[in-house]
Amino acid sequence: EPPSLKYPWHLFEVTKSLMNKYLKKNEVRFGKNVKIFKGAVINGPCYIGDNCIVGNNAVVRDYTDLEEGAMVGALAEVARSIFQRNSHCHSGYFGDSILGENCRVGAGTITANVRLDRGNIKNTGLNSLGVIVGENTHIGINTSLMPGALIGSNCAIGPSSLVLDNLEDNSVLYSEFISHIDKKKSIR
């Protein structure tokens, strides 16, 4: 019986179930025109779709699904995650996370996927869940995303921001530091 699909994080169980059914243990299935750069490590089971890029010294592992046109930049680590079509990340860590279509994530961004107390992530029953991001969202460099954060579509998150809670569609979030700098510039 296939896993249920009620909440976004149920996609992880569906992906795992499909990979266990159709891929051999530790197999990586590649689409067409995939570019894997020097030093990259890919540990299956994983799926890497057409026209994907995995940058220098990146790590992609453990039930990760990169859909068509997804890019994992140099020095990034992606584990047990789903990157939908044309989503791109640069260096950072993305664990147990979902990026919707056409997301852009800046270098140095980190998803925390486990609570410090190792307890369940709020309202999920899971003890490991990164971030779930809607389509067309852009996240600036050096952003920290806390476990279980749900970020809507068409959001803009500024550099060096800390995302502790959910963000609705079309939200704009900038850290206090960045807001302070912008105010100084506008005074001059």
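Check the entry above for the structure.
Rules used throughout
Residues numbered from 1 in each chain as written. Predicted model: local features only at pLDDT ≥ 70, side-chain atom pairs only at ≥ 80, totals over all residues. Heavy atoms only, no water. Core = buried A, V, L, I, M, F, W, Y, C linked by side-chain atoms within 4.5 Å. Buried < 20%, exposed > 50% of the residue type's maximum accessible area, 1.4 Å probe, protein only. Helix = DSSP H or I, 4+ residues; strand = E, 2+ residues; numbered from the N terminus. Contact = heavy atoms within 4.5 Å. Pairing = 2+ DSSP bridges. Disulfide = S-S within 2.5 Å.

Engineer: Can you walk me through the nonpolar core in this structure?
Structural biologist: The nonpolar side chains of a soluble globular protein tend to be buried, and buried together. Within the largest apolar cluster, 29 residues are counted, with the highest numbers of intra-cluster contacts made by Leu-66, Val-72, Phe-83, Cys-89 and Ile-151. Those elements that provide at least two residues to this core are strand E4 (46–48) and strand E9 (76–79). Not counting chain neighbours up to four residues away, the residues in contact with Val-72 comprise Ile-53, Val-54, Gly-55, Ala-58, Val-60, Leu-66, Val-78, Phe-83 and Cys-89. Counting residues in hydrophobic clusters, the runner-up holds seven residues, among them Phe-12, Ile-82, Ile-98 and Leu-129.

Engineer: What's the story with the sheet that holds strand E7 (residues 64–66) in this structure? I'm lost.
Structural biologist: Pairing between the strands of a sheet comes from backbone hydrogen bonds, and it takes one of two forms, parallel or antiparallel. The strand order across the open sheet built from seven strands is E1-E4-E7-E10-E13-E16-E19, with neighbouring strands paired in parallel fashion. The open sheet has two edge strands, strand E1 (28–30) and strand E19 (150–151), and neither has a second partner. Sheet analysis places E7 next to strand E10 (residues 82–83), joined by two bridges and oriented parallel. In the strand pairing of E10, Asp-65 is matched with Ile-82.

Engineer: Would you take a moment to explain the pairing of E9 for this structure?
Structural biologist: Two faces belong to every sheet, and in a regular strand the side chains alternate between them. Across three bridges, strand E6 (residues 59–61) lies against E9 in parallel orientation. Bridge pairing in E9 places Val-60 opposite Val-78. When E9 meets strand E12 (residues 92–95), the two strands line up parallel, connected through four bridges. Directly across from Val-78, in E12, lies its bridge partner Phe-94.

Engineer: What am I meant to see in the state of the cysteines here?
Structural biologist: Structurally, a disulfide amounts to a covalent bond that connects the sulfur atoms of two cysteines. In the structure shown here, the tally under the stated rule is zero disulfides. With no disulfide of its own, Cys-103 has Cys-155 as its nearest cysteine by sulfur position, at a separation of 9.2 Å.

Engineer: Explain the sheet that holds strand E8 (residues 71–72) to me, please; I cannot follow it from the model alone.
Structural biologist: Pairing is parallel in the open sheet, where eight strands are placed in the order E2-E5-E8-E11-E14-E17-E20-E22. Each edge of the open sheet carries a strand with a single partner, namely strand E2 (35–36) and strand E22 (172–173). As defined by bridge partners, strand E5 (residues 53–54) adjoins E8 across two bridges and the pair is classed as parallel. Following the sheet pairing, Val-54 is matched in E8 by Val-72.

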